[in-house]
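Chain by chain, the residues run as shown.
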Amino acid sequence: MVLCRRGLHDGRGGAAGFSVTVRAAAVALAIVFALAAAACGDAIDTPEPTPAPSPLVPSPTPTPETTPTPSPTATASPAPSPVTEAAPVAVNSPASDREALIAFYHATDGPNWADNTNWLSEAPLFTWHGVTTDDDDGRVTKLLLGENRLRGAIPAELGQLSELEWLALWGNHLQGAIPAELGNLAGLEGLVLGGNELSGPIPPELGRLAYLESLLLENNQLSGTIPPELGDLASLLHLVLRGNQLTGPIPPELGDLDRLTFLALESNWLSGEIPPELGNLSGLRQLRLNANKLSGPIPAELGRLSNLLELALNHNELSGSIPPELGGLASVSRLFLHENNLTGLIPPELGGLPRLVRLLLHRNSLTGAIPPELGNLAGRAYVSLSGGNQFTGCVPEAVRNVEGDLESLGLPFCQSGGNQGRQTTTPAASSRPTPSPAPTPTPTPVPRPTATPTPTPTPTPTPTPTPTPTPTPAPQSSLDRDVLLALYRATGGPNWTHNANWLSDAPLSEWHGVRTNDRGRVTELQLSQNGLRGELPPELGELSRLEILRLESNELSGEIPPELGNLARLRELWLSDNVLSGSIPRELSFLTHLEELALMHNQLGGTIPPDLGSLDNLRALALFDNQLQGSIPPELGNLTHLDALVLWGNQLQGSIPPELGKLSKLRQLGLAGNQLSGAIPPELGRLANLRWLSLSGGNQLTGCIPVGLRDIEDGDLDMLGLPLCAATGSARGETEDRRPATDHDVLVAFYHATDGPNWTNSTNWLSDAPLSDWHGVATNGGRVSKLQLEGNRLRGYILPALGGLANLTVLDFGDNQLRGGIPPELGNLAKLKELRLDNNALRGDLPPALGDLANLTVLDLANNRLSGAIPPELRNLVNLEELVLLANEFSGMIPPALGRLSNLTKLSLSFNELQGPIPAELGNLANLQNLLLEGNQLSGEIPPGLGDLAHLRWVQLAGNEFTGCIPDGLLDLVFSDFNRLGLPFCGTN
């Protein structure tokens, strides 16, 4: 894969090549995202999804032994203290490494891996799939088995691979705890375990890994607190713990990680205040603490993070005023503070943030006048202020053209003289659709590339043959030297991080970051993350033998010189993570040998030049997180070698070109965070190699999701709120009624939507056998009456068409891998008695339409990611006996209306985000036996009426904030956790 030296990732899981993680992220996701794992080299962060975006990791393809490993082998660890439980000398050999790998194979269901080539054979270890060894003594240096269908627990024996530099096991089905023995891997640089099912605490022993640069544990089920020992990881660049069940405070020790560029702790249960020590992380580019339970003020110290691109503190319980010091975030483009308890005024300093494109402050308790300084953001930013805030006065004239939700504030526009009077003119209509107040989901975030040598084992693609020289005499090496001198002077060479031998008489090949051919001509110029500041000189276009130009992660400003289009041999152009502005020069389309074009994380504007569609050899086009406008050129569909097309986080409009469906090699497509509209082209469903797709976050897509996209493993399709097109539907991607006419057709569509060919058991599905002979199907009078496919490895979405199975009484999809939302059409199943969707990855709100299931006796939705309020319409489930919603993300109050469920025997709402008191109406549930409410944010007194419930046997209330005393009627329960409440029984008062 061409980008296996640097990758982008977004979202949970991962994608090969130029990956933008996330969720993912994401998202983040960036995603994210959208950090999930990816397949190559140093990671590049992406905003979230995500969405995300898991980070990028080295490619799982082993490098042939003839390929030199660019990163130095870390054989000594000077920083951490000696490991007392050090393995015996016997492990320091290839034979002992082989034994550790064999133990790993057996522990993770090796016979059923997606690829286990040469494992357990006598072949050299470097030929075993996913294994890389060093050139000296054959010791294992990398174990890269992302998305390889690993199952089971990570064995402690991996801690014996003492020369291991990268351990990447993302996107599998690993369970159990992270072994503390991994803390023995003294030379480890990357630990990537995201997108699994790992549980238990994060081992504090990981704090001994002095060389660790990437610690990516996102989207697991990890619990407990964040070990403060992680603050000892002096080399750490990327710390991603999002999407777990972590609790407790953020350790202030993380403020000691002075090399950290990416910190993602969102979507956990973290509490307490944000440590002001995080303001010490001067190199931080993205800080994501959103979707936790953090409280207290926003530390003013965060305003010192001058390199920060994104600050996401939304969906917490933060209070106090917005610090004016945030006006010091000179690089920030996304500032998300919405859905907190913030009060006071909007600091006018926020209007002076030069790169800000998203400012979300809605759903707080802000007051006062809107500062006219926000008018400085007009033309480049979206601002959301409504929902709970109580602004006064009028909207300043200067703010009139700022895009956002000003019209929702109910305030007049100030008259031109500045008096607070009636609105004199209608606000200028936005040329783009108004985004949702929620933060723009992005593919799951991914860390940025660093200046350290990439650990990627993937070989560099063979360069395209050099074109025939033109009659013009080639410049001599002396001219190349002059060009380099011009670059040095234009970009503050004396202040570069590394400038060894520059301006000296040494050969150019000995100048830092320069490589030459055998004639002394410059072929590579790699000065990533090297402190370059200033504008690129046009003289760079005179390096006629240049093949690789990598200047990412500096502070370059100004425009991209069109003279770069003269670099006829250029294969890689990386200018990402700078502050470049202006438009993308159409002259870049002259670079006919270009394979990688990475311009993300800048301030580029204008449109995407259609001429880029002539770059026949391009394999990765990354333009995300800029300010690009206009439509996506259909000419990009001519890039037949393209592996990754990532355009999210811009201001692109119009429809998605169906021509993108011609990109047969495309593996990653990221379009989230724009203003795209219309239907998803069904042509995208023909992209057989597509593994990551991100379309949410500000786009206004309509219709349905093409059937061909149903198997996309990583992305954010579940966030679009669109149904899956029926397999027999038209190719237009619209949403006319396509409900199959028969139960048979519904099941066939369901099979395709949930990856039927890979189910654990699909006996007789799609055959001519009677439906009752299909695995998991029961019929009554020829109509489907039961659909029981629990634990059957279903993947994909729940089809709305299932609402047409009119005779269904039991629907059980528990313990699968379903995602997306619960279709409200399930509310049409009037005869349904049991609905079990527990232990999946479902998201979104609980449809009120489920309240129409009058015959329902069991509703089990435990262990998903469902959110929002519990709909009071559930009170209509008069026959309900079990309501199990534990381990989701439900918020708000427990509806008192649940007290009308007179047949309820089990009410399980534990481990959500519910607030307020226990409704006294629950004392009416005369048949209740189990009441499980632990791990929420409930408060107030325990209703005395609960003590009158004669059948109550099991009560769990810990992990809340109750006051008062425990009703005496609860004294003789079979089980309770009252000893953890710290409350007396009322009779003892």
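Reading the values: the criteria
Residues numbered from 1 in each chain as written. Predicted model: local features only at pLDDT ≥ 70, side-chain atom pairs only at ≥ 80, totals over all residues. Heavy atoms only, no water. Patch = residues over 30% accessible without salt bridge, like charges linked within 9 Å, V, L, I, M, F, W, Y side chains within 5 Å. Areas by Shrake-Rupley, 256 points an atom, 1.4 Å probe, with all protein chains shown as cover. Salt bridge = Lys/Arg side-chain N within 4 Å of Asp/Glu carboxyl O. Helix = DSSP H or I, 4+ residues; strand = E, 2+ residues; numbered from the N terminus. Buried < 20%, exposed > 50% of the residue type's maximum accessible area, 1.4 Å probe, protein only. Pairing = 2+ DSSP bridges. Disulfide = S-S within 2.5 Å. Core = buried A, V, L, I, M, F, W, Y, C linked by side-chain atoms within 4.5 Å. Contact = heavy atoms within 4.5 Å. Phe/Tyr/Trp six-rings, centres within 6.5 Å; stacked < 30°, edge-to-face > 60°. Lys NZ or Arg CZ within 6 Å of the ring centre and 35° of its normal. Lys, Arg positive; Asp, Glu negative; His and termini not counted. Charge placed at Lys NZ, Arg CZ, Asp CG, Glu CD. Expected span 1.5 Å × (residues − 1).

S.K.: Report on a nonpolar patch on the surface, specifying residues and quantitative values.
M.R.: A cluster of nonpolar side chains, namely W954, V974 and F975, defines an oily patch on the protein surface of about 290 Å² accessible area. Topologically, V974 is positioned in the loop between β61 (961-963) and β62 (975-976). Under the relative-accessibility criterion, V974 is labelled exposed at 63%.

S.K.: Can you break down the sheet that holds strand β54 (residues 882-884) residue by residue, with the values?
M.R.: Taken together, the 10 strands give an open sheet; going across it, the order is β45-β46-β48-β50-β52-β54-β56-β58-β60-β62, and neighbouring strands pair in mixed fashion. Each of the sheet's edge strands pairs with one partner strand only, and the pair in question is β45 (777-780) and β62. As paired strands, strand β50 (residues 834-836) and strand β52 (residues 858-860) are joined by three bridges and run parallel to one another. When the sheet's bridge partners are listed, R836 is paired in β52 with D860.

S.K.: Can you explain the state of the cysteines? Please cite residues and give values.
M.R.: Within this structure, the stated rule accounts for two disulfides. Residue C394 pairs covalently with C414 via a disulfide, S to S 1.9 Å. With the S-S dihedral at roughly 95 degrees, the linkage between C394 and C414 falls on the right-handed side. Pair noted here: C394 is in the loop between β27 (390-391) and β28 (403-404) and C414 is in the loop between β28 and α2 (477-490), with a separation of 20 residues, a long-range link. Grouping residues by exposure puts C394 and C414 together as buried.

S.K.: Break down the nonpolar core for me, citing the residues and quoting the values.
M.R.: Counting residues in hydrophobic clusters, the biggest one holds 145 residues, and the most contacted among them are W502, L525, L645, W765, L787, L802 and F813. Looking at this core, the elements that each hand over two or more residues are α2, β30 (522-526), α3 (743-753) and β46 (783-788). The element contributing the most residues to this core is α3, with six residues. Setting aside its immediate chain neighbours within four residues, L802 contacts V746, F750, L787, F813, L826 and L829. Of all hydrophobic cores here, the second largest spans 90 residues; its members include L188, L236, I370 and L411.

S.K.: An account of the pairing of strand β11 (residues 197-200) is requested, with residue identities and associated values reported.
M.R.: On β11, burial follows the alternation: L198 and G200 on one face are buried, whereas E197 and S199 on the facing-out side are not. Where strand β9 (residues 173-176) lies against β11, two bridges are found, and the strand directions are parallel. Along β11, the bridge assignment pairs G176 with L198. In this structure, β11 lies alongside strand β13 (residues 221-224), joined through two bridges in parallel fashion. Each residue of the ladder has a partner; that of G200, found in β13, is L222.

S.K.: Could you give an account of α3, naming the residues involved and the relevant values?
M.R.: What sets the pattern is the α-helix's 3.6 residues per turn: residues three or four places apart point alike. Listing the buried residues of α3 in full gives D743, V746, L747, A749, F750, Y751 and A753. Next to the buried residues of α3 lie β45, β46 and β47 (795-797). Phi for D755, located one or two positions after α3, is positive at around 60 degrees.

S.K.: Run through the environment of G110, naming residues and quoting values.
M.R.: Among the structural elements, G110 can be located in the loop between α1 (94-107) and β5 (131-133). A C-alpha to C-alpha distance of 8.8 Å links G110 and R149, two positions 39 residues apart in sequence. With residues up to four places along the chain from it excluded, the contact list for G110 reads Y105 and N116.

S.K.: Can you tell me about the pattern of salt bridges, naming the residues and giving the values?
M.R.: Applying the stated criterion to the full structure yields 21 salt bridges. Where E572 meets R550, a salt bridge forms, and the shortest distance between an N and an O atom there is 3.4 Å. A residue pair is termed long-range when its members are at least 10 positions apart, and E572 in strand β34 (residues 572-574) and R550 in strand β32 (residues 548-550) qualify at 22 residues. Take E572: its relative accessible area is 1%, and that puts it in the buried class. Measuring nitrogen to oxygen at the nearest pair gives 3.2 Å for the salt bridge that ties E834 to R836. Overall, E834 belongs to the partly exposed group, its relative accessible area being 25%.

S.K.: Could you give an account of the packing of aromatic side chains, with specific residues and numbers?
M.R.: Applying the stated criterion to the full structure yields 21 aromatic pairs. On the numbers, 5.1 Å between centres and 65 degrees between planes, the contact of Y105 with W113 is edge-to-face. For Y105, a relative accessible area of 7% corresponds to the buried category. Residue classification places W113 among the buried positions, given a relative accessible area of 5%. Considering the side-chain rings of Y488 and W496, the 5.2 Å spacing of their centres and the 70 degrees angle between planes classify their relative orientation as edge-to-face. Put simply, the rings of F750, Y751, W759, W765, W774 and F813 pair up and form one aromatic cluster. Of note, R550 hangs over the ring of W574, and the distance from its end group to the ring centre comes to 4.1 Å.

S.K.: Summarise a negative patch on the surface; cite the residues concerned and give the values.
M.R.: A contiguous patch of negative charge, built from E229, D232, E253, D256, D258 and E277, is present on the exposed surface. Examined against the element boundaries, E253 turns out to sit in the loop between β15 (245-248) and β16 (262-264). Owing to a relative accessible area of 32%, E253 belongs among the partly exposed residues under this scheme.

S.K.: I'd like to hear about the pairing of β30, residue by residue, with values.
M.R.: With four of five residues buried, β30 lies mostly within the body of the structure. Note that strand β29 (residues 514-516) and β30 share three bridges and pair antiparallel. For T516, the partnering residue across the bridge sits in β30 and is V522. Following β29, the chain reverses through five residues before pairing antiparallel with β30; G520 in that reversal takes a positive phi of roughly 80 degrees. Sheet topology note: the β30/β32 ladder contains three bridges and is parallel. By the bridge assignment for β32, E524 is matched with I548.

S.K.: So, unusual backbone geometry: which residues are in play, and what are the values?
M.R.: Not every positive phi belongs to a glycine, and Q529 is a case in point at roughly 50 degrees. Residue Q529 is classed as partly exposed on the basis of its relative accessible area, which comes to 27%. Even without being a glycine, R793 presents a positive backbone phi close to 60 degrees. Position of R793 among the secondary structure elements: in the loop between β46 and β47. Relative accessible area serves as the criterion here: at 31%, R793 is assigned to the partly exposed category.

S.K.: Requested: an account of the sheet that holds strand β31 (residues 533-535), with residues and values cited.
M.R.: Two strands in a sheet stick together by hydrogen bonds in their backbones, pointing the same way (parallel) or opposite ways (antiparallel). Read from one edge to the other, the open sheet built from three strands follows the order β31-β33-β35, with strand pairing classed as parallel. The sheet is open, and its two edges are formed by β31 and β35 (579-580), each paired on a single side. Strand direction decides the pairing type here: strand β33 (residues 555-558) and β35, joined by two bridges, are parallel. By the bridge assignment, S557 is partnered in β35 with V579.

S.K.: Which residues make up α1, and what values go with them?
M.R.: When the terminal C-alpha atoms of α1 are compared, their 20 Å separation across 14 residues agrees well with the 20 Å that a helix rising 1.5 Å per residue should span. Residues of α1 that are buried: S96, D97, A100, L101, F104 and Y105. Buried-residue contacts for α1 involve β5 and β6 (140-144). Just beyond α1, the residue with positive phi is D109, at close to 60 degrees.

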